[in-house]
Each structure stands twice: as structure tokens, then as C-alpha cells.
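Geometric and topological summary
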Amino acid sequence: MSKNPRSSVSLTSLKKQCAEMTIKDNKQVFLVSSPYTSSTLATATLCRAIMKSDKAFHISFESPVLNLGMVDEIRANHEKALVIFVGIDTIGKKKLRKAKSYPIFVGGASESDQVSSLTIGFNNTVPAAAYILADEHLSTDYYELQMAAAATLLLAESVQSSSKANKEIVEQAKGQNLIEERKGIRLFGFGSLPLDELFLYSTRPFIQGLSGDQKACDMLLNEAEIPVTKLRSPMTTLSNVEAQHLTQHLTSKLLDKIGPSIIPHILGIDYILTRENETSPLRYLSGLEAIAETAWARQEQGASMSVWIGDRGRALRSIIDTHVIHQKDVISTIGRLESKLKGTSTEAGTSIEIVGVQSNLLTDVGRIALQSGMVNQECPLLISNDDSALAIWASKKTDMNQVLHSVQKKNLNPILTSAKSLMFKRLSEESREDVLKSINPKFKEAQS
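Residues numbered from 1 in each chain as written. Predicted model: local features only at pLDDT ≥ 70, side-chain atom pairs only at ≥ 80, totals over all residues. Heavy atoms only, no water.

**Concerning the side chain of Asn385**
Topologically, Asn385 is positioned in the loop between strand S12 (381-384) and strand S13 (388-392). A distance of 2.8 Å separates a polar side-chain atom of Asn385 from the backbone oxygen of Val357. Engagement of the side chain of Asn385 in a polar contact is seen with the backbone nitrogen of Asp387, the distance being 3.1 Å. Those residues in contact with Asn385, other than ones at most four positions away along the chain, are Ile354, Val357, Gln358, Ser359 and Leu362. (Helix = DSSP H or I, 4+ residues; strand = E, 2+ residues; numbered from the N terminus. Polar contact = N/O pair within 3.5 Å; in protein donor to acceptor, adjacent residues only side chain to side chain. Contact = heavy atoms within 4.5 Å.)

Okay, structure coming up:
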């Protein structure tokens, strides 16, 4: 790719890139978003700014890797709109088709010098670049800055390189008291779920010996000296003194029961989005991320997008309810898998089949199977149900975009269901092995 992430890129340099863009005054905007959570939040930032500028928008979620032919096809289908690609890499060096206007790329890498000239920022600055584009050419307020900062913090967890722009966008949000650091327990529902459900239904992470085990959870809370009268109360309903006392006791007892590898996923730094309601899961970045990842796994990102854009009524209630039900179903399926695990292993990876399970559960079931050591964590896992196959991996050495490029060459068209998983509709035995080899780092040199 001709454009590589640079740690030196700043908000000032992003503003200069925006100033060089020729943006026509289209009343319609078509946004093509990568499914990555940081990109969908960046897209929501742009949508809010577009609405405030009295323009109409439409969103499509696409693969994070598109060839230039597909880019031109999308443009041709939306000729009257300004087309913005968010977090999308492109393949191919040819020039884009001439038209009344050219698209804008927010982040993303490209082999084409022309596309690079139409790109603001890099893969590691997508939310910051989206915010600057919105701020310079549209209309923004505190919400867009808060959303961009939240997306940037989530992006920082998934990419190794950072940038000056990312630090600046987060500091800007902190300076306006839009986000605050908080140390302690970072599980979905920490501020909104009753304490006796907090660990029982945890799937991000799945806590071995606690998740799904009512007796073990009751014992933990009893050992932590949580009063019976407080068991059905969320932390936000307690006084500061009570909350601090209970958190300290819970943390102490929790450390005695969980393995060291899972501690960073439960205890550490979280962020409070201060303008969100105190009883909302969206108030905590960990809660927002959990809801977003569930929506992605279930391919319901349209529903989550309406929440990111600002719906705090029916859409938020629906997506929270869906997430809680999803957690319970995943835990139930893990119980089945633990008692009846059957699979086969090759040099390329592990394959298991679990009949009668909904496809939208496979992503989290596969993630937990790897995380908990039910299958070999060093190799990719292919988990199948009656009509789908999901490939998932834990290795940090495996690059999603490279995997996509590889499987697309084999005429396989998967759907991303997380940053480390791909869903396929029915795979032959030969294709299953090809997919596992495309993911396994051991076969990387052979593929190239």
C-alpha cells in the first residue's frame, strides 16, 4: 500500500489534508463504513454532523478491503451523492472512473496514488480524521467529539501504532470533561446491572468458574461481604462510600478466583462518557464496546448505528435487551460445548461442529472456546453449525485484511463478524483447509 500510518500525524496535519479536499455541496451523502467498531463510531460522528448541516445520508457496511472496481460500482449507484469511505482499504492501482466528483476516503490504505490523494488520515487515525472532516466542512458539537474520542480509545486497543492526532483528540475530550478515566472492574453492566448478574452473564470476558454458574457467583458475593439488600442494586445506586467499599472487597475476592491471563480483561482502566445517563451501559466505554461487538456478531449494525447517532429511546432499549439475551444464549451454548466437545485437528487448525446453534452465536462461542483453552489457542478454529462455518483466531500475528485478500482470491466471500472472525456459508472440506491455512501464521510464507 502506498500510504502507511505515521505516528507524527497530528490534528493540524489532518486539517491541512481536509483543506486540500474539494467537497461539492451535495445534499445527499452516501457513507460506506468498514464494520470495525472504531469505524462505525467514526461513521456515526459524520452522520451526526451531516444531519446538523441539513443534508441527507445513507449508510452501507462493506468489507474493509475493496477493489477499485467495487469502489467505482458503488459510486455509479450513487452518482448524485457525495460518497465517503470510512476505514476502507482499496486494492488496485488503476485510476477511478471520472465523474462529477470523486469520493473521500477517511483512513484506509491504498495501492493507488490517486486514492491516496483523496484520503484523509491513516488506518490508525480513522475516528480523528472523521471528526476533523466533520468539524472543518460540516457542523459538530460536544457529542461528536465525545464519540470520536471513544472510537479512538477503542482503536488504540486493536492497533499497535498510535499517533499524535489520537492523543490530541482524547486530550481535547478530557479537557472538555466529556470523558474521564476510571480504574476498577470493567464489565458490561457495571453501572446498570444488579450485582448478582454482573458476573453471572459475563461473556466479555467469559470468566471460567463464574460465568453461567449461579452458585459460584453467589459464593463470590457472599465472600465479598455484599449485603443481601444490595445484591439487586447496580453500583450507580450506591453512595460513593458504599460503591468504593464493595468494589474493593469484590476485587480482592475476584483476584483469588481468576487466572492471571484474564485479570487485564476484568480489572483496569475504563472510561466514563460523562454526558451519557448514569444508568446507561453506554456511559462506560467497556459497555459501549460490548454492545457494539454483539451487534457486529449478529450482523445488526444498522440497529446499533441508530443508537450511536443518538437514539436513546426504543433503539437503545432494544439493543441492550438483545445483548443480554445474546449473553445468556452464548453461555448456555458454551455449557453444551464443554460437555460434548468433538473436533478434528490438522496442522492448519482445529474444526468443531455444534448442531442446532444459531449462526449469530458462533462468533462469541468460538472466541470463548479459544480464550478458555477448550481448543488450541495457537491455531485458528473453524466452528460449524447446520448451515454456516465461522473461522476465528486469537493470534495477534494474523492480519484481517491479509486474510480477506487471500480468501477472496479463492472466490470465497466471507462476512466479518468481529475483528478476528469470518463467517462463510457452507464450505467444502478443501475450502475449510484453505481458510485455516490463510489464517495460520505458519502458512503465511507459503501463501506469499
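**Digging into the pattern of salt bridges**
Close approach of charged atoms lets side chains of opposite charge pair. Across all of its chains, the model carries 15 salt bridges by this definition. Its salt-bridge partner being Glu144, residue Arg48 comes within 2.8 Å of it at the nearest N-O pair. Linking Arg48 in helix H2 (residues 37-52) with Glu144 in helix H6 (residues 142-158), this pair joins segments that are 96 residues apart in sequence. Neither residue differs from the other here; Arg48 and Glu144 are each classed as buried. (Salt bridge = Lys/Arg side-chain N within 4 Å of Asp/Glu carboxyl O. Buried < 20%, exposed > 50% of the residue type's maximum accessible area, 1.4 Å probe, protein only.)

**Description of the environment of Gly184**
Among the secondary structure elements, Gly184 is positioned in strand S8 (residues 179-185). Along the backbone, Gly184 and Thr247 are 63 residues apart, and their C-alpha atoms lie at a distance of 7.5 Å.

**Examining the packing of helix H13 (residues 301-309) against helix H14 (residues 314-339)**
Contact pair H13 / H14: the axes reach a minimum separation of 9 Å and the direction vectors enclose 130 degrees. Between H13 and H14, the interaxial angle falls into the category oblique. Helix-helix and strand crossings are classified by hand; for H13 and H14 the assignment is left-handed. Of H14, the residues touching H13 (which contributes Ala303, Ser304, Ser306 and Val307) are Ala315, Leu316 and Ile319. (Axes fitted to C-alpha atoms, helices over the stretch in contact; angles between N-to-C directions. Parallel < 35°, antiparallel > 145°, perpendicular 65-115°, else oblique. Left-handed = near helix turned anticlockwise from the far one by under 90°.)

**Section: the nonpolar core**
Counting 65 residues, the largest nonpolar core has Leu14, Leu46, Ile84, Val106 and Trp308 as the members making the most contacts within it. With nine residues, H6 is the single largest residue contributor to this core. Non-local contacts of Leu46, meaning those with residues more than four positions away in its chain, are made with Leu31, Ile84, Val86, Val106, Ala130, Leu133, Ala134 and Leu138. Of all hydrophobic cores here, the second largest spans 27 residues; its members include Ile226, Met235, Leu250 and Ile266. (Core = buried A, V, L, I, M, F, W, Y, C linked by side-chain atoms within 4.5 Å.)

**Some remarks on unusual backbone geometry**
The phi angle of most residues is negative, glycine excepted, and most peptide bonds adopt the trans form. Note the cis peptide between Arg204 and Pro205, where omega equals 5 degrees. Along the chain, the position of Pro205 falls in the loop between helix H8 (195-198) and helix H9 (214-223). Unusually for a residue other than glycine, Asp54 sits at a positive phi of about 60 degrees. On the secondary structure map, Asp54 appears in the loop between H2 and strand S2 (56-61). Overall, the relative accessible area of 64% leaves Asp54 in the exposed class. For Gln299, which is not glycine, the phi dihedral falls at a positive 55 degrees. For Gln299, the position within the fold is in the loop between helix H12 (285-297) and H13.

**Points about the environment of Trp308**
By the secondary structure assignment, Trp308 is in helix H13. The spacing of Trp308 and Asn124 is 184 residues in sequence and 21 Å in space, taken between C-alpha atoms. Ignoring anything within four residues of it in the chain, the contact list for Trp308 reads Thr40, Leu41, Ala44, Tyr143, Met147, Leu282, Leu288, Ile291 and Ala292.

**Overview of helix H15 (residues 362-371)**
Across the 10 residues that make up H15, a large majority, nine, are buried. Looking only at H15, the buried set comprises Leu362, Thr363, Asp364, Val365, Gly366, Arg367, Ile368, Ala369 and Leu370. Buried residues in H15 make contact with H12, H14, S12, S13, strand S14 (415-418) and strand S15 (421-425). Once H15 finishes, Gly373 follows within two positions and takes phi at roughly 80 degrees, a positive value.

**Comments concerning the packing of H12 against H13**
In the contact formed by H12 and H13, the axes pass within 8 Å of each other and the chain directions differ by 150 degrees. For the element pair H12 / H13, the angle class is roughly antiparallel. Each of Leu288, Ile291, Ala292, Ala295 and Trp296 in H12 lies in contact with H13, whose residues at this interface are Gln301, Ser304 and Trp308. Residues that form the contact of H12 with H13 fall into these classes: six nonpolar, two polar and no charged. (Nonpolar A, V, L, I, M, F, W, Y, C, P; charged D, E, K, R; others polar.)

**Here we look at the sheet that holds S15**
A sheet is described by the order of its strands in space; here six strands give the open sequence S10-S11-S12-S13-S15-S14, paired in mixed fashion. Edge strands, defined here as strands with exactly one partner in the open sheet, are strand S10 (343-345) and S14. Strand-to-strand twist across the sheet, computed as the mean angle between neighbouring axes with direction ignored, equals 20 degrees. Both S12 and S13 contribute to a ladder of four bridges, which runs antiparallel. Residue pairing for S13: Ser384 is matched across the bridge by Ala389. Where helix H16 (residues 400-409) meets the sheet, it contacts S14 and S15, and its direction lies at approximately 20 degrees from that of S15. (Pairing = 2+ DSSP bridges.)

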